[in-house]
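Report on the structure
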Amino acid sequence: DVVGIAQTGTGKTIAFAIPMIQQLAAKGGKGLILVPTRELAMQVAEAMYKYGCNLNVRVLAVYGGQPYSRQINCLKKGVDIVVGTPGRLLDLVRQKTLDLGRVSSVVLDEADEMLSMGFIEEIESILKETSAHHQTALFSATMPQRIKRLAGRYMREPVSFSIGHKQITL
């Protein structure tokens, strides 16, 4: 498991995208990426598709404000990576249209933002639905106490890294 602390714009998406895609290509399984907003869900899904298109990685973004029918149809056809907001992901789990039992890799992107938006209960409910044997990566710009507690509950011996932002002098 991995905890990464880095400011926006430092390459966190590619830091989790490439390893996840390589792991899924080599070992199978499914990937799940939780993000705080629909805009970030679309952005991350597009990046995952771009990085994994040569390996035929099927990616689906799920978020509120979009009809359930399209998302459910895509899930029934099969996807390798689901990128979504906690509320919509939990809705799909509760409707039994999203099975998290085969998830081998989970990423919590912008974890501090998700917690500040009040998604802690949804995140915990989603994590409880995943296999006990998945890898978890948590990425955040800051490391408040709530994130430390979340990591302590749901991560196994995480390796932590922090990338500070560079000071630019003009």
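Below is a short write-up of the structure.

Parameters at a glance
Residues numbered from 1 in each chain as written. Predicted model: local features only at pLDDT ≥ 70, side-chain atom pairs only at ≥ 80, totals over all residues. Heavy atoms only, no water. Helix = DSSP H or I, 4+ residues; strand = E, 2+ residues; numbered from the N terminus. Expected span 1.5 Å × (residues − 1). Buried < 20%, exposed > 50% of the residue type's maximum accessible area, 1.4 Å probe, protein only. Arc of directions from axis to C-beta. Contact = heavy atoms within 4.5 Å. Pairing = 2+ DSSP bridges. Salt bridge = Lys/Arg side-chain N within 4 Å of Asp/Glu carboxyl O.

Here we take up helix 1 (residues 12–27). Think of an α-helix as 3.6 residues a turn; residues three or four steps apart then line up on the same face. Counted at 1.5 Å a residue, the expected span for helix 1 with its 16 residues is 22 Å, and the 23 Å between its end C-alpha atoms agrees. Those residues of helix 1 not exposed but buried are K12, T13, F16, A17, M20, I21 and L24. End-on, the buried residues of helix 1 take up no more than an arc of 125°, which puts them together on one face. Along helix 1, the residues that are exposed and aim more than 90 degrees away from the buried face are Q22, A25, A26 and K27. Residues of helix 1 that are buried make contact with strand 1 (2–6), strand 2 (30–34), helix 2 (38–52), strand 4 (81–84), strand 5 (103–108) and strand 6 (135–140). Looking one or two places after helix 1, you find G28, whose phi comes out positive at around 80°.

Burial runs high along strand 2: 4 of the 5 residues are buried. Sheet analysis places strand 2 next to strand 5, joined by 5 bridges and oriented parallel. Among the inter-strand pairings, K30 is bridged to a residue of strand 5, identified as V103. Sheet analysis places strand 2 next to strand 4, joined by 4 bridges and oriented parallel. Residue L32 lies in a different strand from strand 4, and its bridge partner there is V82.

Looking at the element boundaries, L92 is found in helix 4 (residues 86–94). Counting along the chain gives 17 residues from L92 to L75, while the straight-line C-alpha distance between them is 9.7 Å. In contact with L92, not counting residues within four places along its chain, are V62, Y68, Q71, I72, L75, T97 and L98.

With respect to the secondary-structure elements, L98 resides in the loop between helix 4 and strand 5. By relative accessible area, which is 8% here, L98 ends up buried. Residue contacts for L98: discarding those within four places in its chain leaves L75, V82, L89, L92 and V93.

What follows concerns the pattern of salt bridges. All chains considered together, the criterion is met by 2 salt bridges. With its nearest N and O atoms 3.1 Å apart, the salt bridge here joins D80 to R58. With a gap of 22 residues between them, D80 in the loop between helix 3 (68–77) and strand 4 and R58 in the loop between helix 2 and strand 3 (59–62) connect regions that are remote in the sequence. For the salt bridge of E124 with R153, the shortest nitrogen-to-oxygen distance reads 2.3 Å. Of this pair, E124 sits in helix 6 (residues 120–129) while R153 sits in helix 7 (residues 145–154), and the two are 29 residues apart along the sequence.

Attention now moves to helix 3. Of the positions making up helix 3, those classed as buried are Q71, I72 and L75. Seen along its axis, helix 3 keeps its buried residues to an arc of 95°; they face one direction. Helix 3 presents K76 and K77 as exposed residues on the side facing more than 90 degrees away from its buried surface. On its buried side, helix 3 packs onto strand 3, strand 4 and helix 4. Following helix 3 by one or two positions, G78 adopts a phi angle in the positive range, close to 105°.

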